[in-house]
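So the chains spell out like this:
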Amino acid sequence: MAAEKIYVTQPYLPPLEEFIPYLEQIWANKVLTNGGPFHQQLEQALCRYLGVPHISLFSNGTLALITALQALRIKGEVITTPYSFVATAHALLWQNCTPVFVDIEPHTLNLDPAKIEAAITPQTTAILPVHCYGNPCDTAAIQKIADNYNLRVIYDAAHAFGVQDAGGSILRHGDLSVLSFHATKVFNTFEGGAIICHDAKTKQRIDHLKNFGFVDEVTVVAPGINAKMSEINAAFGLLQLEHMPHVMQRRAEIDAYYREQLAHVPGITCLPQGHQTVANHSYFPILVGPEYPLSRDALYEKLKEHGIYARRYFYPLITDFPMYKNLSSANKSNILNSKEFSEQVLCAPIFPELSLKNQIKIIDIIKSSEIR
Ligand SMILES: *Cc1c(COP(=O)(O)O)cnc(C)c1O
């Protein structure tokens, strides 16, 4: 009998019957997109839920990243991390910027503020850090550097939905923050994304940019793109939001059980939580060190043989891909921590419907480390 397959994540879907009334409303009013009623309602609901003043919804996180760069007219060199999903750096290439890769800190796997200054040149205009796995960056140190050198800061907050630090939502940091609502993320609208900004004027510019640059029927103010979230995705987001307390609670329980069970496995380190006061447990990264009897890749294969599809996030590094590898900042010696962690990390399955039985199965395989 083929074993049930367990993936690194499984998208959360509310009961289908709860979504039908939303569809009936769309069918009745025949507004499918262009900032319709569900789009407006979801923007308001997310501002309340996340505790942020302004949010603009997008069709996905990558277009939101590109539009964020465009909104602030970012040009030249932008400092970023090689330890992320490839969309972070791709957004820079689409905007004709040059990514300048700076290494990560070993305790958070986020951009290391102590290494940013050495990478700044007269062409540097911005910093694009990632709150990796939802662990907050050192936002105070990054802002200090940005202020000293007159740089803009855009956070790729694709992993950071709902995360808070002592001052509130971590999405308040920097000039802009970008979320992804992709199927694999903590909060999903099938596909989707958003930009968080501080003032109404910036929100208006972003809203124009995501709709071809249209201000009204006859006025186009910028070479905008089409990146609006549709009504069906926005309606689904409103329903998802009602289920978030359950989603967050289940993720916290699964995270806590992994930490308890894996705490004393020689060679396995659970990445410590950062300085957040509210976590979202979007990923469960473990580090497979040299004391573990199997290599990271051998453990990955062993889990796969049991139908468990853990993922090596983030391996390969962005700097290993052909369009980045020849940049001088992509040189191995510049990003030693990124290299090291990229070769040790394995993200274990975590999602609301992961059963205790299946979680125990995963833990038992990690614990029983005999070499086949
Ligand atoms: C998912 C993700 C993105 C891209 O978001 P999409 O909505 O899939 O376009 C960007 N950056 C990071 C770090 C991500 O994890």
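These figures come from a predicted structure and were not determined experimentally.

Observations concerning helix 7 (residues 231–262)
Here helix 7 contains 32 residues, and its C-alpha end-to-end distance of 43 Å stays within 8% of the 46 Å for a straight helix at 1.5 Å per residue. At H243, helix 7 is deflected by roughly 50°, the largest bend along its length, and proline P245 occurs up to four residues later in sequence.

Description of the side chain of H173
Among the secondary structure elements, H173 is positioned in the loop between strand 8 (168–169) and strand 9 (176–180). Judged by relative accessible area, H173 falls into the buried class, the value being 16%. Among the polar contacts made by the side chain of H173, one reaches the side chain of D165 at a distance of 2.8 Å. Setting aside chain neighbours within four positions, we find H173 in contact with T139, Y155 and D165.

Considerations on the site of the ligand
The local shell around the ligand holds 14 residues, among which G61, T62, D156, S180 and K185 are the closest. The contact in question runs from a nitrogen atom of the ligand to an N or O atom on the side chain of D156, over 2.7 Å. Within the side chain of H159, a nitrogen or oxygen atom sits 2.8 Å from an oxygen atom of the ligand. The fraction of the free accessible surface of the ligand (380 Å²) that becomes covered by protein chains is 92%. Going through the elements one at a time, helix 3 (61–71) and helix 4 (87–94) are the ones with two or more residues in the shell around the ligand. Along the lines of polarity and charge, the residues of the shell around the ligand split into three nonpolar, nine polar and two charged.

A few points about the sheet that holds strand 2 (residues 54–58)
Strand order in this open sheet of seven strands is 2-10-9-6-5-3-4, and the pairing throughout is mixed. Of all the strands in the sheet, the pair left with one neighbour each is strand 2 and strand 4 (98–101). When the angles between neighbouring strand axes are averaged without regard to direction, this sheet yields 25°. Pairing geometry for strand 6 (residues 152–156) and strand 9, over three bridges, is parallel. Bridge pairing in strand 9 places Y155 opposite S177. Most of the contacts of helix 2 (residues 37–50) go to strand 2, to which it runs at about 130°, and overall it touches strand 2 and strand 9.

Comments concerning a nonpolar patch on the surface
A contiguous nonpolar surface patch, about 260 Å² in accessible area, is contributed by F212, F214 and V220. Locating F212 in the fold gives a position in the loop between helix 6 (200–209) and strand 11 (214–216). The class for F212 is partly exposed, based on a relative accessible area of 37%.

With respect to unusual backbone geometry
Here the bond from Y313 into F314 is cis, since omega is 10°, no more than 30 degrees from zero. Looking at the element boundaries, F314 is found in the loop between strand 15 (308–309) and helix 9 (336–344). Each neighbour pair has its own omega, and for Y315 with P316 the value is -5°, a cis peptide bond. Backbone geometry places F190, a non-glycine residue, at a positive phi of 70°. Mapped onto the elements of the fold, F190 is located in the loop between strand 9 and strand 10 (193–197). Given the relative accessible area of 49%, F190 is considered partly exposed. Although it is not a glycine, H281 adopts a positive phi angle of roughly 50°. Structurally, H281 is set in the loop between strand 13 (268–270) and strand 14 (284–288).

A short note on the domain arrangement of the protein chain
Put simply, an interface is often sized by how much accessible area is lost when its parts join up. Considered domain by domain, the protein chain is made up of domain 1 (16–239) and domain 2 (244–370). Domain 1 and domain 2 are separated by 25 Å when their C-alpha centres are compared. Facing 39 residues of domain 1, the contacting portion of domain 2 comprises 36 residues. Regarding the contact of domain 1 and domain 2, the summed buried area is about 3200 Å², with carbon and sulfur atoms giving 65% of it. Contact with domain 2 buries surface across domain 1, with F101, Y133 and V186 losing the most and accounting together for 23% of the total.

So, how was this worked out
- Residues numbered from 1 in each chain as written.
- Predicted model: local features only at pLDDT ≥ 70, side-chain atom pairs only at ≥ 80, totals over all residues.
- Heavy atoms only, no water.
- Helix = DSSP H or I, 4+ residues; strand = E, 2+ residues; numbered from the N terminus.
- Expected span 1.5 Å × (residues − 1).
- Bend = angle between axes of the 7 residues up to and from the residue.
- Buried < 20%, exposed > 50% of the residue type's maximum accessible area, 1.4 Å probe, protein only.
- Polar contact = N/O pair within 3.5 Å; in protein donor to acceptor, adjacent residues only side chain to side chain.
- Contact = heavy atoms within 4.5 Å.
- Near = heavy atom within 4 Å.
- Areas by Shrake-Rupley, 256 points an atom, 1.4 Å probe, with all protein chains shown as cover.
- Nonpolar A, V, L, I, M, F, W, Y, C, P; charged D, E, K, R; others polar.
- Pairing = 2+ DSSP bridges.
- Axes fitted to C-alpha atoms, helices over the stretch in contact; angles between N-to-C directions.
- Patch = residues over 30% accessible without salt bridge, like charges linked within 9 Å, V, L, I, M, F, W, Y side chains within 5 Å.
- Salt bridge = Lys/Arg side-chain N within 4 Å of Asp/Glu carboxyl O.
- Domains from an automatic or database assignment.
- Buried area = accessible area lost by both parts, 1.4 Å probe.

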